[in-house]
Amino acid sequence: MVKNKALVLLYENMSMSEITLLTDYLTVFQPMNEWWEIDTVSSEDKKMIRSEDFFQLVPNKSFSEINFEEYNLILFSGDIDPVAVTEDKSLIDFLKPLSDMTNRPLIAAISSAPMILAKAGILKGVKFTAGLFEETYNEFDFLEKENVVRQPVVYDEEHGIVTAIGFAYREFAVKVAHILGYDIPDNSFSGVPEGHVYTEEELTFYMYPENQK
């Protein structure tokens, strides 16, 4: 069986909470034999990074070990200091080949992450949204403000790029799942329905369906 693969970019002060609904869905939400393989990468030397909420993350791949053609999805979380990330020349140079790649993987970026894509030349001519201040759009010429769409989630189907504002992390996960071919309700991951009273049967779980009476 050909295994689906996703690549997650790691960088200092990244926001894990914006992408973990999606990574969970692609792994533990699926039957075990259909779990996606997820690689992480941050640098050539696999340096550890610290997330915005102080988790220490060590990638399993270096830049030189990555072949973008092996992946179905490349995923970018937001960052509380996106300017610093765009100044990481080794990271931007690593990403630049994606701008000219044909038949490239689906690219999904949330919150401030579209700024990273723009710096690498990946957002040229692409309709996108982002969680960025207007002052940031005005300061950096590589951000094509004329292509910003003021919506929580934007999918530029022609270029195969999904972008979202950070608060729309749930809608972002659902949209990416839909594009990847999963038939899930639009209200997935929305938590406990307001006013719903659960029955005992609804909250009784079985590891093996054949044990259910």
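Since this is a predicted model, take the numbers as computed values, not measurements.

Bringing the overall build of the protein into the picture now. Each helix and strand in the protein was counted, giving six helices and eight strands. What you see in the protein, going N to C, is helices and strands ordered as β-α-β-β-β-β-α-α-β-α-α-β-β-α. Taking 213 residues into account, the globule formula puts the C-alpha radius of gyration at 17 Å, and the protein, at 18 Å, falls close to it. The principal-axis extent of the C-alpha atoms belonging to the protein is close to 60 × 40 × 35 Å. Scored against the burial criterion, the 213 residues of the protein give a buried share of 46%. The long-range share in the protein, meaning contacts at least 24 apart out of those at least 6 apart in sequence, stands at 63%. Surface summary for the protein: the accessible area is close to 12000 Å², and the carbon and sulfur share equals 51%.

Considered as a void within the structure, the largest pocket measures approximately 250 Å³ in volume. If you go around the largest pocket, the residues you meet are Val8, Leu10, Met16, Ile19, Thr20, Thr23, Asp24, Thr27, Ile38, Thr40, Leu57 and Val58. When contributions to the lining of the largest pocket are tallied by element, the ones reaching two or more residues are helix H1 (20-26) and strand S2 (37-41). When residues of the lining of the largest pocket are assigned to their parent elements, the largest contribution, three residues, is made by H1. Across the lining of the largest pocket, the residue classes break down as seven nonpolar, four polar and one charged. What the second largest pocket holds in volume is close to 160 Å³.

This part takes up the sheet that holds strand S6 (residues 106-110). Sheet strands pair via backbone hydrogen bonds, and the direction of the pair is either parallel or antiparallel. Spatially, six strands are ordered S2-S1-S5-S6-S8-S7 in an open sheet, and the strand pairing comes out mixed. Each of the sheet's edge strands pairs with one partner strand only, and the pair in question is S2 and strand S7 (153-156). Taking the axes of each pair of neighbouring strands and ignoring which way they run, one obtains an average angle of 15° across the sheet. Pairing of strand S1 (residues 5-9) with strand S5 (residues 73-76) involves three bridges; the strand directions are parallel. When the bridges of S5 are listed, Ala6 appears paired with Leu73. Each of S5, S6, S7 and strand S8 (161-164) is contacted by helix H6 (residues 169-179), which is oriented at about 175° to S6, the strand it contacts most.

On to the side chain of Thr40. With respect to the secondary-structure elements, Thr40 resides in strand S2. Assessed through its relative accessible area of 18%, Thr40 is described here as buried. Excluding residues that lie within four positions of it along the chain, Thr40 makes contacts with Leu7, Val8, Leu10, Val58, Pro59, Asn60 and Lys61.

Let's shift gears to the nonpolar core. Nonpolar side chains tend to gather and get buried jointly when the protein is soluble and globular. Core analysis: the largest hydrophobic core is formed by 62 residues, its most contacted members being Leu9, Tyr11, Leu73, Phe76, Phe94, Leu95 and Phe172. Going through the elements one at a time, S1, H1, S5, helix H3 (89-95), S6, helix H4 (114-119), S8 and H6 are the ones with two or more residues in this core. Beyond its immediate stretch of four places on either side in the chain, Phe94 contacts Leu9, Val41, Phe63, Ile66 and Phe68.

To continue, consider the pairing of S1. The buried fraction of S1 is high, at five of five residues. Covered by surrounding structure in S1 are Lys5, Leu7 and Leu9 together with Ala6 and Val8, the residues of both alternating faces. The pairing of S1 with S2 spans five bridges and is classified as parallel. Its bridge partner being in S2, Ala6 is matched across the sheet by Ile38. After leaving S1, the chain enters H1 and then returns to the sheet as S2, a path that is right-handed.

Neither face of S8 is left uncovered, since the one carrying Ile161 and Thr163 and the one carrying Val162 and Ala164 both have all their residues buried. Across four bridges, S6 lies against S8 in parallel orientation. What sits directly across from Ala109, in S8, is Thr163. Relative to S8, S7 runs antiparallel, the two being bridged by four bridges. By the bridge assignment for S8, Val153 is matched with Ala164. Connecting S7 to the antiparallel partner S8 that follows it, the hairpin turn spans four residues, and Gly160 within it adopts a positive phi of roughly 65°.

A word on a nonpolar patch on the surface. Together, Val28, Phe29, Met32 and Trp35 line one region of the surface with nonpolar side chains, adding up to about 440 Å² of accessible area. Here Met32 is to be found in the loop between H1 and S2. Judged by its relative accessible area of 68%, Met32 falls in the exposed class.

Rules used throughout
- Residues numbered from 1 in each chain as written.
- Predicted model: local features only at pLDDT ≥ 70, side-chain atom pairs only at ≥ 80, totals over all residues.
- Heavy atoms only, no water.
- Helix = DSSP H or I, 4+ residues; strand = E, 2+ residues; numbered from the N terminus.
- Rg over C-alpha atoms; globule rule 2.2 N^0.38 Å.
- Buried < 20%, exposed > 50% of the residue type's maximum accessible area, 1.4 Å probe, protein only.
- Contact = heavy atoms within 4.5 Å.
- Areas by Shrake-Rupley, 256 points an atom, 1.4 Å probe, with all protein chains shown as cover.
- 1 Å grid on protein atoms, 1.4 Å probe; cavity = no way out; pocket = protein on both sides within 12 Å on 5 of 7 lines; lining within 4 Å.
- Points joined across faces, edges and corners; volume = space filled by probe spheres on them.
- Nonpolar A, V, L, I, M, F, W, Y, C, P; charged D, E, K, R; others polar.
- Pairing = 2+ DSSP bridges.
- Axes fitted to C-alpha atoms, helices over the stretch in contact; angles between N-to-C directions.
- Core = buried A, V, L, I, M, F, W, Y, C linked by side-chain atoms within 4.5 Å.
- Right-handed = clockwise from strand over helix to strand, strands pointing away.
- Patch = residues over 30% accessible without salt bridge, like charges linked within 9 Å, V, L, I, M, F, W, Y side chains within 5 Å.
- Salt bridge = Lys/Arg side-chain N within 4 Å of Asp/Glu carboxyl O.

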